[in-house]
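# Close look at the chain arrangement
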Amino acid sequence: MNKISDRLNRLSYSQTFVMSNKARDMKAAGIDVISLTLGEPDFDVPQKIKQAAFDAINENYSHYSPVPGFLELRQAIAAKLKRDNHLDYKPTQICVSNGAKQSIINVLQAIINDGDEVILPAPYWVSYDEMVKLVGGTSVFIETSIDTDFKFTAEQLEKAITPRTKALLYSSPCNPSGSYYTRGELEAIANVVAKYPQVTIISDEIYEFINYEGEHVSIASFPQVYEQTAVINGMSKAFAMTGWRIGYSACPDWLASACDKVQGQMTSGANTVAQRASITAMQMDPSELQYMIMEFHKRRDLVFELIKEIKGFKCNLPKSAFYFFPDISYFVGKNLDGFEIKDSDDFAMFLLEKAHVGSVGGVSFGSPECIRLSYAASEEDLREAMKRIKDCVEPF
Ligand code: PMP
Ligand code: GLU
């Protein structure tokens with residue numbers, strides 16, 4: 001008897017965790033696997049953030065915080081949004097959550113009725129479509145391709161909007177493609193959305209600092225859509241604090257208080273020690289994080305040179321975040337040493353089993369012709385992983 005709800009039965013397991021767990025299990029069984037699955041910085045948390053956490057414990061920050069977060073943290077986030085993104089938010093417009101992941105689903109729960117449409121430009125981050133399903137919405141996809149760096153245009157967006165469209169959800173910088181949207185591209189998107197007041201933009205900016213070329217622009221900085229935008233960000237990527245689980249949303253007043261309402265019934269708020277430490281993170285000057293960005297940049301250049309040598313991999317130079325998203329359709333439909341490759345998930349399994357390199361297939365990112373490789377790994381592991389993949393696919 002299946003006791004699971006229909007809603008959950010429609011949901012998939014997060015493919016990023018499925019593949020990283022598989023790689024971890026193989027390692028535990030003594031197999032020398034290099035896992036390029038999860039997108040998480042391999043750096044330590046900066047010392048002063050750790051110190052702030054120790055201080056918070058000693059100062060007995062052990063009780064519930066206000067549901068949307070400590071006022072001092074929301075003030076520090078507001079100051080950061082002003083300093084880095086030229087955005088004006090009051091602390092009451094900010095809601096601190098257990099990671100950006102929760103911030104996104106808070107917003108979706110706040111605005112989506114059964115059957116409402118959420119536009120997801122593909123490739124999208126794995127959890128977006130599943131979160132839309134979880135809140136009873138319907139995802140509407142915009143197709144993009146490697147030829148346009150996997151970016152959608154304002155024209156494509158306008159065609160996808162219907163009277164049922166409630167939200168547009170995307171990340172810039174983008175996980176998984178590594179592309180980011182320029183000021184001009186975002187302005188064109190903002191101009192379209194401004195014509196449809198029922199549409200909320202959920203702008204996931206968690207990779208904001210990991211951008212090697214251009215300026216990061218928040219779409220909320222265009223006044224025509226400020227009142228229609230939820231900005232999502234957090235500590236996980238910029239400060240290597242994935243396990244501390246602190247993210248936040250910055251929204252118009254009506255949406256911020258709806259997020260507070262959702263959160264008050266679901267989690268009561270985020271971990272207090274991690275919140276106190278996040279005040280220090282928000283007050284750090286972005287220049288203090290440059291050492292991580294420079295290291296990612298170096299690794300990106302290295303992997304790009306190595307990936308170009310791999311047969312059947314078609315790849316653009318990603319300009320931000322820490323992922324490569326090569327098109328591997330050359331292998332689809334082939335039988336590789338007993339592995340039927342119907343899509344990139346099969347190909348990712350093939351690489352794991354045969355090359356002992358973990359990656360994530362693109363099916364759950366909405367691009368079944370691509371795989372995602374995270375380069376948040378050591379240079380030595382990256383060199384070895386690219387060599388293993390190259391040797392493994394060479395005969396086919
Ligand atoms: N958005 C994107 C695009 C991500 O890659 C991730 C993965 N960390 C998240 C949101 C969620 O981040 P958090 O750890 O803050 O929940
Ligand atoms: N965001 C990271 C990734 O895409 C971490 C895993 C997750 O949250 O899904 O790999």
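Right above here is the structure, for reference.
Please read all numbers here as calculations on a predicted model, not as lab measurements.

The rules behind these values
Residues numbered from 1 in each chain as written. Chains lettered and ligands numbered in written order. Predicted model: local features only at pLDDT ≥ 70, side-chain atom pairs only at ≥ 80, totals over all residues. Heavy atoms only, no water. Buried < 20%, exposed > 50% of the residue type's maximum accessible area, 1.4 Å probe, protein only. Helix = DSSP H or I, 4+ residues; strand = E, 2+ residues; numbered from the N terminus. Polar contact = N/O pair within 3.5 Å; in protein donor to acceptor, adjacent residues only side chain to side chain. Near = heavy atom within 4 Å. Areas by Shrake-Rupley, 256 points an atom, 1.4 Å probe, with all protein chains shown as cover. Nonpolar A, V, L, I, M, F, W, Y, C, P; charged D, E, K, R; others polar. Lys, Arg positive; Asp, Glu negative; His and termini not counted. Salt bridge = Lys/Arg side-chain N within 4 Å of Asp/Glu carboxyl O. Contact = heavy atoms within 4.5 Å. Pairing = 2+ DSSP bridges. Axes fitted to C-alpha atoms, helices over the stretch in contact; angles between N-to-C directions. Parallel < 35°, antiparallel > 145°, perpendicular 65-115°, else oblique. Core = buried A, V, L, I, M, F, W, Y, C linked by side-chain atoms within 4.5 Å. Phe/Tyr/Trp six-rings, centres within 6.5 Å; stacked < 30°, edge-to-face > 60°.

In this section: helix H12 (residues 344-355). Those residues of H12 not exposed but buried are Ser-344, Asp-346, Phe-347, Ala-348, Phe-350, Leu-351, Leu-352 and Ala-355. Capping of H12 at its N-terminal end is provided by Asp-343; its side-chain oxygen lies 3.0 Å from the backbone amide nitrogen of Asp-345.

This part takes up the site of ligand 2. Around ligand 2, the surrounding shell consists of Ser-14, Thr-16, Phe-17, Leu-38, Gly-39, Lys-101, Trp-125, Asn-175, Lys-237, Tyr-323 and Arg-372. Lys-101 is positioned such that a nitrogen or oxygen atom in its side chain is 3.2 Å from an oxygen atom of ligand 2. At a separation of 2.7 Å, an oxygen atom of ligand 2 approaches a polar side-chain atom of Arg-372. The fraction of the free accessible surface of ligand 2 (280 Å²) that becomes covered by protein chains is 88%. Looking at the shell around ligand 2 residue by residue, the classes come out as four nonpolar, four polar and three charged.

Its place among the elements puts Asp-204 in strand S6 (residues 200-204). Notably, Asp-204 is buried but unbridged: the nearest opposite-charge side chain belongs to Lys-237, and the N-O separation is 8.8 Å. Looking at Asp-204, its side chain comes within polar contact range of the main-chain nitrogen of Ile-206, at 3.2 Å. Excluding residues that lie within four positions of it along the chain, Asp-204 makes contacts with Ile-104, Tyr-128, Tyr-170, Ser-171, Ser-172, Pro-173 and Ile-232.

Bringing the sheet that holds strand S5 (residues 165-171) into the picture now. Strand order in the open sheet formed by seven strands is S2-S8-S7-S6-S5-S3-S4, and the pairing between neighbours is mixed. Since the sheet does not close on itself, it has two edges, and those belong to strand S2 (94-97) and strand S4 (138-142), each with one partner. Averaged over all pairs of adjacent strands, the angle between their axes in this sheet comes to 20°, without regard to strand direction. Examined bridge by bridge, S6 and strand S7 (residues 229-234) share four bridges and lie parallel to one another. Along S7, the bridge assignment pairs Ile-201 with Thr-229.

Summed over all chains, the structure comprises 27 salt bridges. Two residues, Lys-298 and Glu-295, come together in a salt bridge whose shortest N-O distance is 3.5 Å. Here the residue Lys-298 and the residue Glu-295 both occupy positions in helix H11 (residues 290-307), the gap between them amounting to three residues, near one helical turn.

Each pair of packed helices gets described by two things: the angle between the helix axes and the distance between those axes. Orientation of helix H5 (residues 100-111) relative to helix H9 (residues 253-266), taken along the N-to-C sense of each, is 110°, at an axis distance of 9 Å. By the angle class used here, H5 and H9 are roughly perpendicular. Side by side, H5 and H9 meet where Gln-102, Asn-106, Val-107, Gln-109, Ala-110 and Ile-111 of the first sit next to Trp-254, Leu-255, Ala-258, Cys-259, Val-262, Gln-263 and Met-266 of the second. Per-class residue counts for the contact of H5 with H9 are nine nonpolar, four polar and no charged.

Right, let's talk about the nonpolar core for a bit. Core analysis: the largest hydrophobic core is formed by 115 residues, its most contacted members being Leu-108, Phe-239, Ile-307, Phe-313 and Phe-347. For Ile-307, the residues in contact, after removing those within four places along its chain, are Phe-313, Cys-315, Phe-324, Pro-326, Leu-373 and Met-386. Judged by nonpolar contacts, the second largest core, of 21 residues, contains Phe-152, Leu-186, Ile-189 and Val-193.

Read across the sheet, three strands follow the order S9-S14-S13 without closing on themselves; strand pairing throughout is antiparallel. Since the sheet does not close on itself, it has two edges, and those belong to strand S9 (323-324) and strand S13 (360-361), each with one partner. Pairing analysis gives two bridges linking S13 to strand S14 (residues 371-374), with the strands arranged antiparallel. Among the inter-strand pairings, Val-360 is bridged to a residue of S14, identified as Arg-372.

Let's shift gears to the packing of aromatic side chains. Inspection of every chain in the model, using the stated rule, returns 24 aromatic pairs. Relative to Tyr-291, the ring of Phe-43 has its centre 6.2 Å away and its plane inclined at 85°; by these criteria the two rings are edge-to-face. Placement of Phe-43 in the loop between strand S1 (34-35) and helix H3 (47-58) and of Tyr-291 in helix H11 is noted, with a sequence separation of 248 residues between them. On the basis of relative accessibility, which here comes to 18%, the residue Phe-43 falls in the buried class. Tyr-291 sits in the partly exposed class, given a relative accessible area of 42%. Ring geometry for Phe-304 versus Phe-324: centroids 6.4 Å apart, planes at 15°, classification stacked. Of this pair, Phe-304 sits in helix H11 while Phe-324 is found in strand S9, placing the two residues 20 residues apart along the sequence.

Bringing the site of ligand 1 into the picture now. Residues in contact with ligand 1, as listed here, are Gly-99, Ala-100, Lys-101, Trp-125, Tyr-128, Asn-175, Asp-204, Ile-206, Tyr-207, Ser-236, Lys-237 and Arg-245. The separation between an oxygen atom of ligand 1 and a polar main-chain atom of Ala-100 is 2.7 Å. Between an oxygen atom of ligand 1 and a side-chain N or O atom of Ser-236, the distance comes to 2.6 Å. When ligand 1 sits alone it has 390 Å² of accessible area, and the protein chains cover 94% of it. Tallied by class, the residues present in the shell around ligand 1 amount to five nonpolar, three polar and four charged.

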